[in-house]
There are 2 protein chains.
Amino acid sequence: MSKKAIFYHAGCPVCVAAEANLAQAIDTSRYEVEIVHLGSQSSRISEAESVGVKSVPALVLEGVPFHINFGANLSDLK
Amino acid sequence: MSKKAIFYHAGCPVCVAAEANLAQAIDTSRYEVEIVHLGSQSSRISEAESVGVKSVPALVLEGVPFHINFGANLSDLK
């Protein structure tokens, strides 16, 4: 069964670079990778917050958040 | 031919979590993953700095640095 990886971003330049490089490097034979744009899917901001995401881009692996560089605060996307 | 992924850390708790979760999620069929402990391999700090690493843990994919959460500044490891 695949483990869950969710990459949250907001379309910012830092986000785009992280998606193009880091998110695509994840092993899709072990992880189901979902890409979520919080700018266009703002209904999912609370979901991201609930696992501890503070800024984007962020990668959540099996519920553990990793903030990658810094693009924007989650609070600025509301 | 494998692409190069280098995970720089310094043994800090934030580093250990990032290695256990994020570094191990990389697709090793496409990336050759190297783990470098800058505390014990301080000779490689300048190499990390040269590609733009400012803090650990950091993952460098094909020369592009991604800072993951925040453990320690590179300058504090010297």
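Residues numbered from 1 in each chain as written. Chains lettered and ligands numbered in written order. Predicted model: local features only at pLDDT ≥ 70, side-chain atom pairs only at ≥ 80, totals over all residues. Heavy atoms only, no water.

**A few points about the environment of Arg-30 of chain A**
The test is simple: For the purposes of this entry, the term helix denotes a DSSP run of H or I that reaches at least four residues, the term strand denotes a run of E that reaches at least two, and both are numbered from the N terminus. Categorising residues by exposure relies on relative accessible area from a 1.4 Å probe, with only protein chains included: less than 20% of the type maximum marks a residue as buried, more than 50% marks it as exposed, and the intermediate range marks it as partly exposed. Residue contacts are counted whenever heavy atoms from the two residues lie within 4.5 Å of one another. Identification of polar contacts relies on pairs of N or O atoms within 3.5 Å, with a donor-acceptor requirement for protein atoms, meaning one able to donate a hydrogen and the other able to accept it, and with residues adjacent in sequence counted only if both atoms are side-chain atoms.
Mapped onto the elements, Arg-30 of chain A comes out in the loop between helix H1 (13-21) and strand S2 (31-37). Classification of Arg-30 of chain A as partly exposed rests on a relative accessible area of 27%. Along the sequence, Arg-30 of chain A and Ala-72 of chain A sit 42 residues apart, while their C-alpha atoms lie 29 Å from each other. Excluding its chain neighbours within four sequence positions, the residues that come into contact with Arg-30 of chain A are Ser-2 and Lys-3 of chain A together with Gln-24, Ala-25 and Ile-26 of chain B. There is a polar contact of 2.9 Å between the side chain of Arg-30 of chain A and the side chain of Asp-27 of chain A. Here Gln-24 of chain B takes part through its backbone oxygen, which lies 2.7 Å from a polar atom of the side chain of Arg-30 of chain A.

**Topic: the pairing of S2 of chain A**
Residue and element names in this part refer to chain A. Rules: For two strands to pair, DSSP has to find at least two bridges joining them. Whether a crossover is right-handed comes down to one check: with the strands pointing away from the viewer, does the path from the first strand over the helix to the second run clockwise; if it does, it is right-handed.
Taken together, the seven bridges between strand S1 (residues 3-9) and S2 define a ladder with parallel strand orientation. Bridge assignment links Phe-7 to a residue of S2, and that residue is Ile-35. Taken together, S1, H1 and S2 constitute a β-α-β crossover, and its handedness is right-handed.

**Details of the relation of the copies chain A and chain B**
Here is the rule we go by: Superposition of the copies was done by least squares, using only C-alpha atoms of residues whose pLDDT is at least 70 in both.
Overlaying chain A with chain B gives an RMSD of 0.0 Å, the required rotation being 180° about an axis along which the chain moves by 0.0 Å. Read as a symmetry element, the transformation amounts to a two-fold axis. Counting the interface residues of chain A, we find that 100% of their copies in chain B are interface residues as well, pointing to one common contact surface.

**Regarding the state of the cysteines**
All names here are of chain A. The line we're drawing: A pair of sulfur atoms, both from cysteines and within 2.5 Å, is called a disulfide here.
Inspection of the entire model under this criterion finds two disulfides over all chains. Here Cys-12 is linked by a disulfide to Cys-15, with a sulfur-sulfur distance of 2.3 Å. Because the sign of the S-S torsion sets the handedness, a value of about 70° for the bond joining Cys-12 and Cys-15 places this disulfide among the right-handed ones. Cys-12 sits in the buried class, given a relative accessible area of 14%. The exposure class assigned to Cys-15 is buried, which follows from its relative accessible area of 0%.

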